[in-house]
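Read off the chains here:
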Amino acid sequence: MPADTTVTSSDAETGVRGWLQRHLSKLVVAPSFLAAVIFFYGFILWTVYISLTGSRMLPDYELIGFDNYLRIWRLSRWETAFDNLFIFGVLFILISMAVGCVLAVLLDQRIRAEGVLRSIYLYPMAISYIVTGTAWKWLLDPGIGLEKAMHDMGWTSFSFGWINDPDMAIYTVVIAAVWQASGFVMAMVLAALRGVDDEIIKAAWLDGASLPNIYRRIIIPTIRPVFLSAFVILMHLAIKTFDLVMALTAGGPGTSTAVPATFMYDMAFQRDRLDFAATSAVMMLATVAAIIVPYLYSEIRGPRRG
Amino acid sequence: MASLPQQAAADTLGAKIGRGVLYAALILFAAFYILPMLVMLATSVKDIEEIRAGSLLALPQAITFEAWGYAWNEACIGVECTGLAPYFMNSVLMVIPSVFLSSLFGALNGYALTKWRFPGANVIFGLLLFGSFIPFQVVLLPMSQTLGFLGLASSVPGLVLVHSVYGIAFTTLFFRNYYVSLPDDLVKAATIDGAGFFTIFWRIILPLSPSIIVVTVIWQFTQIWNDFLFGASFTSGGAQPVTVALNNLVNTTTGVKLYNVDMAAAIIAALPTLLVYIIAGRYFVRGLTAGSVKG
């Protein structure tokens, strides 16, 4: 422990200065610790408390119990939001993982101009979801975007109006989100593939193992941790999805593309229903925690690092 | 990993066809990612008649930057017709101090938590680590009350506070994971020589940190510049960051829809982070993977 060394090695370090040196690391962390306690955990408790009250436009501190957690399910908008999160989350994660893995494997075949291709696949991750939403909203607009382009090219029966169809609009959010995030999966999987020991693969190859077998038996088991990480990150992104929906569909047509994050925002800042806003926020936190806490626990306690 | 099939059978016809299919697939994917941006760019330099008459995929016939100028200082955002310029400035004024503060605290925390471990250090790290995964919806309501209480409601300094505080979780994670791999002996030797906490940080640790500083700064810059949730929740009118202004510009245009202006505005809002990505993409990728693989 360096702190102990300081004390024993230097007689001059006594009194206030010595005390300061020994406790400096705690003092340095203290502001962040305080910030975390207040702005993270204190705020969470406050939100949980508000979710147990009947607050409307302003916080009302009289407790009413868990009623909000039952009443929120009677709102069709929340039900839609929850269903959408499920549909969107499953498709977004599966497609992004699939596309990301395919891209990584393709790029790993000693490709010319790999750097350029990789940059092209990944750049959407650097731009704002608002920009992505703006771009795709216009591309998917039947009157001006892809549909019109196809008609102009002579394919007049082409029709792609999902963005205006309440039953299909949520899938346009999936398209834009996959466009944005699949390059991220590619980057993670590619990095992991590059970490697989060449010698083992060479040995298996010389022993006559087929390429699918090498992937199935050697490569995929070796890079499994990265699938878990990518899965957790994508799930986290899916639950937090807000900007993209706001820019692409603004939750519409009607409320057909509402997600929990837009529901919470609406209740908090448009409809003066702090009780439902807090309740939905707590439910989002609970969902994230159910995924993240076991993951972090295994990552911190895991055998890979003490 | 190496791809051995090509080495073993480089010149057969099958291998050549395989290579062809491989490149075709890679290029098709590249088109999927790059086309939206190219189409946006082309549209932003067309005039509105050309957009309406011509095809989305057609190259511009006469390049005009009128839409860019209009988006920058004339377009109406809500009732104010000032263009994106003042909101762009808000984002600049928000992002610089937020990135600096959150990175500074992250570096100090990472250093203290790994090289001057004290009882409870791991608990504090765990608390901060979980903080980087909190869905921010759960802090929106109390934060907006607090900003009001501090007199920072709907202001750029208010956003700086918010981004600095919630950035610390991620920056601490980055620096902590980097510093944990530096040998403890570096610090031990220096303490025997009588160097204190800050001397060691300044003279020994920081000179070893340029790469992680670049990764953290780029990550924070991208996150904060691209933020929409905090900007939309805590600001209105003239204090909005550029992402919120862009969304308003695109969604509140009344009368004729000026697609070229929308696209120019979107590119303007994306430009700073895109430039960072083009210049320092390598570090951006490291930030993505560093933020996801914990230690």
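Throughout, a residue's number is its position along its own chain's written sequence, starting from 1. Throughout, the order in which chains and ligands are written sets their labels, letters from A for the former and numbers from 1 for the latter. Totals for whole chains, interfaces and linings use all residues, but because this is a predicted model, local features are given only for residues with pLDDT of at least 70 and pairs of side-chain atoms are given and counted only at 80 or more.

### Brief notes about the overall build of chain A
Put simply, the test is: By definition, any uninterrupted DSSP run of H or I lasting at least four residues is a helix, any uninterrupted run of E lasting at least two residues is a strand, and each is numbered from the N terminus. When we talk radius of gyration, it's over C-alpha atoms, and the globule rule is simply 2.2 Å times the number of residues to the 0.38. Counting other C-beta atoms within 10 Å of its own, a residue is labelled buried from 20 upward, exposed at 12 or fewer, and partly exposed in the gap between, with every C-beta atom placed from the backbone.
Secondary structure summary: chain A contains 14 helices and zero strands in total. Reading the secondary structure of chain A in the N-to-C direction produces α-α-α-α-α-α-α-α-α-α-α-α-α-α. The C-alpha radius of gyration computed for chain A amounts to 26 Å, which surpasses the reference 19 Å derived for 306 residues by more than 25%, pointing to a less compact arrangement than a globule. By principal-axis analysis of the C-alpha atoms, chain A measures approximately 90 × 70 × 30 Å. Sorting the 306 residues of chain A into buried and exposed places 42% on the buried side.

### Comments concerning the overall build of chain B
Assigned secondary structure in chain B consists of 14 helices and zero strands. Mapped in sequence order, the helices and strands of chain B form the string α-α-α-α-α-α-α-α-α-α-α-α-α-α. The C-alpha atoms of chain B give 24 Å as radius of gyration, which overshoots the globular expectation for 295 residues (19 Å, by more than 25%). Principal axes of the C-alpha set define a box for chain B whose edges measure 75 × 70 × 30 Å. Counting all 295 residues of chain B, 48% fall into the buried class.

### Brief notes about the domain arrangement of chain B
Residue and element names in this part refer to chain B. In plain terms, the rule: Domain segmentation is taken from an automatic or database assignment of domains. Here, residues touch in the contact sense if the C-beta positions derived from the backbone fall within 7 Å of one another. Three categories are distinguished: nonpolar for Ala, Val, Leu, Ile, Met, Phe, Trp, Tyr, Cys and Pro, charged for Asp, Glu, Lys and Arg, and polar for the others, with Gly belonging to the last.
Each domain of chain B was delimited in the assignment, giving domain 1 (12-64) and domain 2 (86-290). Inter-centroid distance (C-alpha atoms) of domain 1 to domain 2 is 34 Å. On the domain 2 side, the residues contacting the eight residues of domain 1 number seven residues. No other element matches helix α2 (residues 13-44), which puts four residues into the side of domain 1 that touches domain 2. The residue makeup of the side of domain 1 that touches domain 2, split by class, is four nonpolar, two polar and two charged.

### Some details on the interface of chain B and chain A
Size of an interface: often given as the accessible area lost when the parts come together. Contact with chain B, which involves 81 residues of that partner, is made by 98 residues of chain A. No other element matches helix α14 (residues 259-290) of chain B, which puts 13 residues into the side of chain B that touches chain A. Of the residues in the side of chain B that touches chain A, the class split is 55 nonpolar, 21 polar and five charged.

### Concerning the confidence of the model for chain B
Residues and elements named next belong to chain B. To keep it simple, the criterion reads: A score between 0 and 100, pLDDT records how confident the predictor is in each residue.
When pLDDT is averaged across chain B, the result is 87; 93% of the residues are at 70 or more. Ranking the elements of chain B by mean pLDDT puts helix α1 (residues 4-8) last with 48 and helix α5 (residues 85-115) first with 95. The low-confidence segment residues 1-9 (pLDDT under 50) makes 20 contacts with residues lying over four places distant or belonging to another chain. Under the prediction, the complex receives an ipTM of 0.88, its pTM being 0.89.

### Looking at helix α10 (residues 197-205) of chain B
Just so we agree on the cut-off: Here the arc refers to the set of directions running from the helix axis out to each C-beta atom.
Considered for burial, the residues of α10(B) that qualify are B:Phe197, B:Ile200, B:Phe201 and B:Ile205. All buried residues of α10(B) fall inside an arc of 100 degrees around its axis, so they share one side. Exposed residues pointing more than 90 degrees away from the buried face of α10(B) are listed as B:Trp202 and B:Arg203. The inward-facing, buried residues of α10(B) abut α2 (15-51) of chain A together with α5 and α9 (184-192) of chain B.

### Looking at the domain arrangement of chain A
Residues and elements named next belong to chain A. Along its sequence, chain A is organised into domain 1 (2-51) and domain 2 (73-301). Computed from C-alpha atoms alone, the centre-to-centre distance between domain 1 and domain 2 is 39 Å. Listed per partner, the contact involves five residues of domain 1 and seven residues of domain 2. Classifying every residue of the side of domain 1 that touches domain 2 by side-chain character gives three nonpolar, two polar and no charged.

### Brief notes about unusual backbone geometry
Residues and elements named next belong to chain A. Geometrically, the link from Gly 252 to Pro 253 is a cis peptide bond, its omega value of -5 degrees lying close to zero. In this structure, Pro 253 sits in the loop between α12 (243-248) and α13 (260-270). A positive phi angle, near 50 degrees, is found at Arg 110, a position not held by glycine. By secondary structure assignment, the location of Arg 110 is in the loop between α4 (76-107) and α5 (114-122). The backbone phi angle of Ala 113 is positive, close to 60 degrees, even though this residue is not glycine. Position of Ala 113 relative to the elements: it lies in the loop between α4 and α5.

### As for the nonpolar core
Rules: Only buried residues count toward a nonpolar core: Ala, Val, Leu, Ile, Met, Phe, Trp, Tyr and Cys, linked into one set through C-beta atoms within 7 Å.
Formed by 182 residues in total, the largest nonpolar core has its most connected members in A:Val189, B:Leu84, B:Leu246, B:Ala265, B:Ala266 and B:Ala269. Dropping the residues within four chain positions of it, B:Leu246 is found in contact with A:Ile130, A:Thr134, B:Leu84, B:Ala265, B:Ala266 and B:Ala269.

### With respect to the confidence of the model for chain A
Residues and elements named next belong to chain A. Residues with a pLDDT of 70 or more make up 93% of chain A, whose mean pLDDT is 86. When the elements of chain A are averaged for pLDDT, helix α1 (residues 2-9) gives the smallest value, 44, and α4 the largest, 94. Counting contacts from residues 1-11, a segment whose pLDDT is below 50, to residues more than four positions away or on other chains yields 21 contacts.

### Remarks on the environment of A:Leu244
Residue and element names in this part refer to chain A. Inspection of the secondary structure puts Leu 244 in helix α12. Overall, the presence of 25 C-beta atoms within 10 Å leaves Leu 244 in the buried class. For the pair Leu 244 and Leu 94, spaced 150 residues apart in the sequence, the C-alpha separation amounts to 18 Å. Once you skip the residues sitting within four places of it in the chain, Leu 244 turns out to touch Tyr 129, Thr 132, Gly 133, Val 173, Ala 176 and Ala 177.

### Details of the environment of B:Ala266
For B:Ala266, the position within the fold is in helix α14. The sequence separation of B:Ala266 and B:Glu49 amounts to 217 residues, and the corresponding C-alpha distance is 20 Å. In contact with B:Ala266, other than residues within four places in its own chain, are A:Val131, A:Thr134, A:Ala135, B:Met40 and B:Leu246.

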